Every structure is written in structure tokens, then in C-alpha cells.
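Structure at a glance
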Amino acid sequence: MVHVFVQNGLHIALDVNSGNIYLLDEITGKMLEGFPDAPPTWEQSCQKLQNSYAKPVIAEAYKEIETLTAQKMLYSPDFIDDKLMEKLDRRKGLKALCLHVTHDCNLRCGYCFAHQGDYRTTRSLMSAGVAFKAIDFLMEHAGRNNIEIDFFGGEPLLNYEVVKKAVYYGKELAARNNKRLYFTLTTNGTLLDEEKIAFLNREMNNIVISIDGRKEVHDRLRYDVHKNGTYERILPNAVKLVRERKKNPPERQDYFIRGTFTAKNLDFSRDVLHLADLGFERISLEPVVGTGADYHIAKEHLPAIMREYEKLAQIINARTPGDPGFSFYHFNLNLYEGPCIYKRISACGAGFEYFAVSPEGDLYPCHQFVGAPQFKTGNIRDGIEKPQLTEYFKKTNVLTKETCKKCWAKFFCSGGCHANAYFSNGDPAIPNEPACIMQKKRIECAITLEVMRRLAREIPA
């Protein structure tokens, strides 16, 4: 399969199975357009291009495509075979748990997928005993040496003492079991103080702080119980945490400022640049999830969003050494040493390698499924009680999703988010169409950025 697109005036082709990327001249790009599954024949090429190009020029482009195809560098063969499928089926063991140490929050963000923190259940905090038992469960069922605990909510810092105890317990247990345990915490940033900042920067391998961008954008939907905006409360805390975090060794420097854009700020590149100008170097801005409200993303918003992603890629490419440097999460595509093929096929491993744990100790396929009784998979005391659900998620991947099988982006997006698919279409195996469209544009932008960077390195100024 070959995907051809034009961006920033560049004709680019992606060979899906090999991952090869080609910068094409105009005629070769036009020749390949409309032929994703097999190269055009000589007759098809002539018929398509004879009114625009001379026959010798067409012949030269056709010969280039013919050579690359013969060398299996273009329209490369499918590498999926029975042995690979067997290895996918044999995968066992956990890699991560997401501990919902709180089902409560001190904010009431308008777009919160977690129903302002309570997940449509009772507001509650995880006990230290449940947290310890969850870590025991991870150690007992770990399928690898490198494993992870994510602290999540609600707002996890409402249960700060349990977070601390869980970290110390986990580190001690990991050392006894010869495991490397990584910690991540996601916070709205309002409860950060000097003590918490010092602890998180010392113990967390990654920290995610929620800021949506410009003050007026952030305060529109990220407010407290009294509907007061929170930008002014969060920003100084986030700046301090990141500034102090940069003093850490490299393995303790990771962080992300994670925002959400909605239909109310389709000019979200301005929010990314606002965060960059504040000194944040690692930025993620995600589309809001959901339907029905006036701020949700609808199909009519997609053309504007596509243009905005292209604009953001152009802005990033044009940054000069004097501008604040930053990376945009969705454009961070490793084209050379990306994820292993198993991760490319099955993504996050939700429901079989990764589970979320409720404050009561119940297991769900991921944090977004928590509170949905039909997806309760078991608990940390008795283990998996619905193995059929675990098996379902293991087998739901880009090789089994009908929409994904024929999609050029499948080995980059890994089939998208199961939860987003379920809550939009009622089926984890049917991807959310607007999410797919946005994801494909982000991948094209990431590829274009890399091509432009390579050109800049190869062509002296």
C-alpha cells in the first residue's frame, strides 16, 4: 500500500508496509495518486498525464516507479504472517497499571470525560491498602522487567499521602523483584506547592499538567466548583515545577503540558505558541472528546482543524534559533526507530497489558472505561474475572478492525483509542471517524516536518 499526499508544496509518498518515505517530483506524485494498492500501468499513466506532460517525461517517472517497485521499496509486500499472529496471541503479562487514587476533583471542567472526577460513581479516595495490593498485582503478573504505575484521577494530589506511600512501597517491591518501575502522575496543577513539586520531580519519571493555552481559552471550560477560571492558579505552579525539573538527571526530566482544544478555539496553534512562549518545551493539545455540546468537535469543524495542523507544522518548521524551542506531541513521529511491530499493531495494550484500577480495586481496560459496569474485568484481589473481555481486547487491533485493515495510517496510529471508538460508535472495533481524520492529518504533518528538516540539512543555506 502507498499513500501519496501534497503538503507545503511537497509531493510525498509513504510506503505503508516498509515505512519508506519518498519526496517526489510533481509528475511522479501525480502518477501515483489514486493507486494505493498497486502501481499504475503504463497505459494508465499515459492516459492520466498525457495532456500535461510529454511522453518521454512520463516514461522517466514511470521507470522510477517501476524500479522501486521491483526492488520492493515501493508497494512492498505485506509482512503479516501466521508466525507474527501467533506471537501476538502468545503475549501475556502486564506492563502498566493506572491507579485512580481519587474519584474526586477540586475542579469542575466542563468537558471532563470523567464526569468532573467521580466517573459517575461516588466520590472516593483510594486507600493505601488498595494501592499496595494493586502494586502487588502488577509485580505478580508483570510480563517484562520495565513496568509502570500511572497516578490518575480526578485530581490525584487530593490523595497525596497515598501517592507518596505507593511510590515508596513500589520502589521497595521493584528492587526485591529486580524490576524497573516507572511512575507518571497527571495533575491539574492547582494543588502543587514546594513540597509536592520537590517530591514529584524526585520520584516521577513523567508528569502531565493540564493547561489549555491562552487564559481566555483555559478559563472558558477549566474552572473550579464556583465556576472561577483556574489559569492564574495553575500557571505559576507549572512554571516552577518545570523550571526545577530541568535540574534533574535526564530520566527525571520528562513532562508534558497537556491541553484540550474545542470548537471554541479552532485557532489552537495560538494556544500551542502561547504555551511555548511561556517556556514550556513539551506540549500536547488534544481534541475534546464527546458529542452534543456546542464546544464538541463536529464534522463541519474538520476542514478548519486540518488547516490549523498544517499551519502549526509550518510555524514549527519556520522557528529560528532565537525562538523558544518546543515539541508538539502529535508531531513527534520517530520514522527511524519507532515502536516495535507489536505496539504498532495493538497500541496501548488496554484490556490485557494495561488496566486501570478504581479506588475500590476494580480493574477496567483503561482509565476511560472506569465506571462502565460492562467493562469491569475483575479486581486486584481475585484477578481477571472476565477473561473473554481480556481476550477480546487482545484481538482488537489494526489487523482485525475492518476500517483499519485498508488504512494507510494503521502502523502509526495503531487503530486509535478503543474507548473513543466505543463511546462514539458503541463498539471498540469501530474507530471514531473524526478522530481518524485528525490523526491522519497529524501523521502527514509529522512526515512533512521530517522531510523539510532533512532537506534543510542537505541543502546549505
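Everything quoted here is computed from the prediction, not taken from an experiment.

Broken down by element type, the protein carries 17 helices and 16 strands. Against the globule reference of 23 Å for 461 residues, the protein gives a C-alpha radius of gyration of 24 Å, in line with a compact fold. Counting only C-alpha atoms and orienting by the principal axes, one finds that the protein spans roughly 75 × 50 × 45 Å. When burial is assessed residue by residue, the protein has 53% of its 461 residues classed as buried.

Moving on: the side chain of Arg222. Take Arg222: it is sitting in the loop between helix H8 (215-221) and helix H9 (231-245). Of the side chains with opposite charge, Asp212 comes closest to the buried, unpaired Arg222, at an N-O distance of 4.6 Å. Only 3.2 Å separates the side chain of Arg222 from the side chain of Tyr111, close enough to count as a polar contact. Sequence-distant contacts of Arg222, defined by excluding residues within four places in its chain, comprise Leu107, Cys109, Tyr111, Asn188, Ser210, Asp212, Asn228, Gly229 and Thr230.

Attention now goes to helix H2 (residues 42-49). Those residues of H2 not exposed but buried are Ser45, Cys46 and Leu49. The arc that holds the buried residues of H2, viewed along the axis, is 95°, so those residues lie on one side. Of the exposed residues in H2, the ones pointing more than 90 degrees away from its buried face are Glu43 and Gln47. In this structure, the buried residues of H2 make contact with helix H1 (26-32) and helix H3 (55-70).

Before going further, it helps to examine helix H10 (residues 269-277). Listed in full, the buried residues belonging to H10 are Ser269, Asp271, Val272, Leu273, Leu275 and Ala276. Residues of H10 that are buried sit in contact with H8, strand S10 (254-261), strand S11 (282-287), helix H11 (302-318) and strand S12 (327-328). Note on H10: the residue one or two positions beyond its end, Gly279, has a positive phi of about 105°.

The side-chain alternation of strand S13 (residues 354-357) yields two buried faces, one formed by Tyr354 and Ala356 and the other by Phe355 and Val357. Where strand S4 (residues 96-100) meets S13, four bridges bridge the pair, whose relative direction is parallel. Among the inter-strand pairings, Cys98 is bridged to a residue of S13, identified as Ala356. Bridging between S13 and strand S14 (residues 362-364) involves two bridges; their strand directions are antiparallel. Bridge pairing links Val357 to Leu363 in S14. Connecting S13 to the next strand, S14, in antiparallel fashion are four residues, including Gly361 with a positive phi near 100°.

Following the criterion strictly, the structure yields 28 salt bridges and no others. The residue Asp104 makes a salt bridge to Arg123 at a minimum N-O spacing of 2.9 Å. Here Asp104 is found in the loop between strand S5 (102-103) and strand S6 (124-125), whereas its partner Arg123 is found in the loop between S5 and S6, with 19 residues between them in sequence. Owing to a relative accessible area of 22%, Asp104 belongs among the partly exposed residues under this scheme. Two residues, Asp118 and Arg123, come together in a salt bridge whose shortest N-O distance is 3.9 Å.

Moving on, we come to the sheet that holds S13. If you walk across this open sheet you meet the eleven strands as S12-S11-S10-S9-S8-S7-S4-S13-S14-S15-S16, and the pairing is mixed. Single-partner strands in this sheet number two, and they are S12 and strand S16 (383-384). When S14 meets strand S15 (residues 378-379), the two strands line up antiparallel, connected through two bridges. Bridging across to S15, Leu363 finds its partner in Gly378.

Before going further, it helps to examine the nonpolar core. Across soluble globular proteins, nonpolar side chains show a tendency to be buried alongside one another. Of all hydrophobic cores here, the largest spans 99 residues; its most connected members are Leu97, Leu99, Phe151, Met204, Phe280 and Phe331. Contact partners of Leu97, with chain neighbours within four places excluded, come to Ala134, Phe137, Leu138, Glu148, Ile149, Asp150, Tyr354, Phe355 and Val357.

Both the distance between ring centres and the angle between the ring planes are used here to describe each pair of aromatic rings. This structure, assessed with the given rule, holds 20 aromatic pairs. On the numbers, 4.9 Å between centres and 75° between planes, the contact of Phe328 with Phe331 is edge-to-face. The class for Phe328 is buried, based on a relative accessible area of 1%. Their ring planes at 55° and their centres at 6.1 Å tell us that Phe369 and Tyr422 sit as a pair that is tilted. Of the two residues, Phe369 sits in the loop between S14 and S15 while Tyr422 sits in helix H16 (residues 418-425), which places them 53 residues apart along the sequence. Pair check on accessibility: Phe369 and Tyr422 agree, each one buried. Put simply, the rings of Phe369, Phe375, Tyr392, Phe393, Tyr422 and Phe423 pair up and form one aromatic cluster. Sitting above the plane of the Tyr160 ring, Lys196 keeps its charged end 5.0 Å from the centroid.

Time to look at the packing of helix H6 (residues 160-176) against helix H7 (residues 194-203). Between H6 and H7, the shortest axis-to-axis distance is 12 Å and the interhelical angle comes to 25°. The angle between H6 and H7 places the two elements in the roughly parallel class. As H6 runs across H7, the sense of the crossing is left-handed. Facing H6, whose interface residues are Tyr160, Val163, Lys164, Val167, Tyr168 and Lys171, H7 presents Glu195, Lys196, Phe199, Arg202 and Glu203. The class makeup of the residues in the contact of H6 with H7 is five nonpolar, no polar and six charged.

Basis of the calculations
- Residues numbered from 1 in each chain as written.
- Predicted model: local features only at pLDDT ≥ 70, side-chain atom pairs only at ≥ 80, totals over all residues.
- Heavy atoms only, no water.
- Helix = DSSP H or I, 4+ residues; strand = E, 2+ residues; numbered from the N terminus.
- Rg over C-alpha atoms; globule rule 2.2 N^0.38 Å.
- Buried < 20%, exposed > 50% of the residue type's maximum accessible area, 1.4 Å probe, protein only.
- Lys, Arg positive; Asp, Glu negative; His and termini not counted.
- Salt bridge = Lys/Arg side-chain N within 4 Å of Asp/Glu carboxyl O.
- Polar contact = N/O pair within 3.5 Å; in protein donor to acceptor, adjacent residues only side chain to side chain.
- Contact = heavy atoms within 4.5 Å.
- Arc of directions from axis to C-beta.
- Pairing = 2+ DSSP bridges.
- Core = buried A, V, L, I, M, F, W, Y, C linked by side-chain atoms within 4.5 Å.
- Phe/Tyr/Trp six-rings, centres within 6.5 Å; stacked < 30°, edge-to-face > 60°.
- Lys NZ or Arg CZ within 6 Å of the ring centre and 35° of its normal.
- Axes fitted to C-alpha atoms, helices over the stretch in contact; angles between N-to-C directions.
- Parallel < 35°, antiparallel > 145°, perpendicular 65-115°, else oblique.
- Left-handed = near helix turned anticlockwise from the far one by under 90°.
- Nonpolar A, V, L, I, M, F, W, Y, C, P; charged D, E, K, R; others polar.

No statement about biological role is implied by the geometric values presented.
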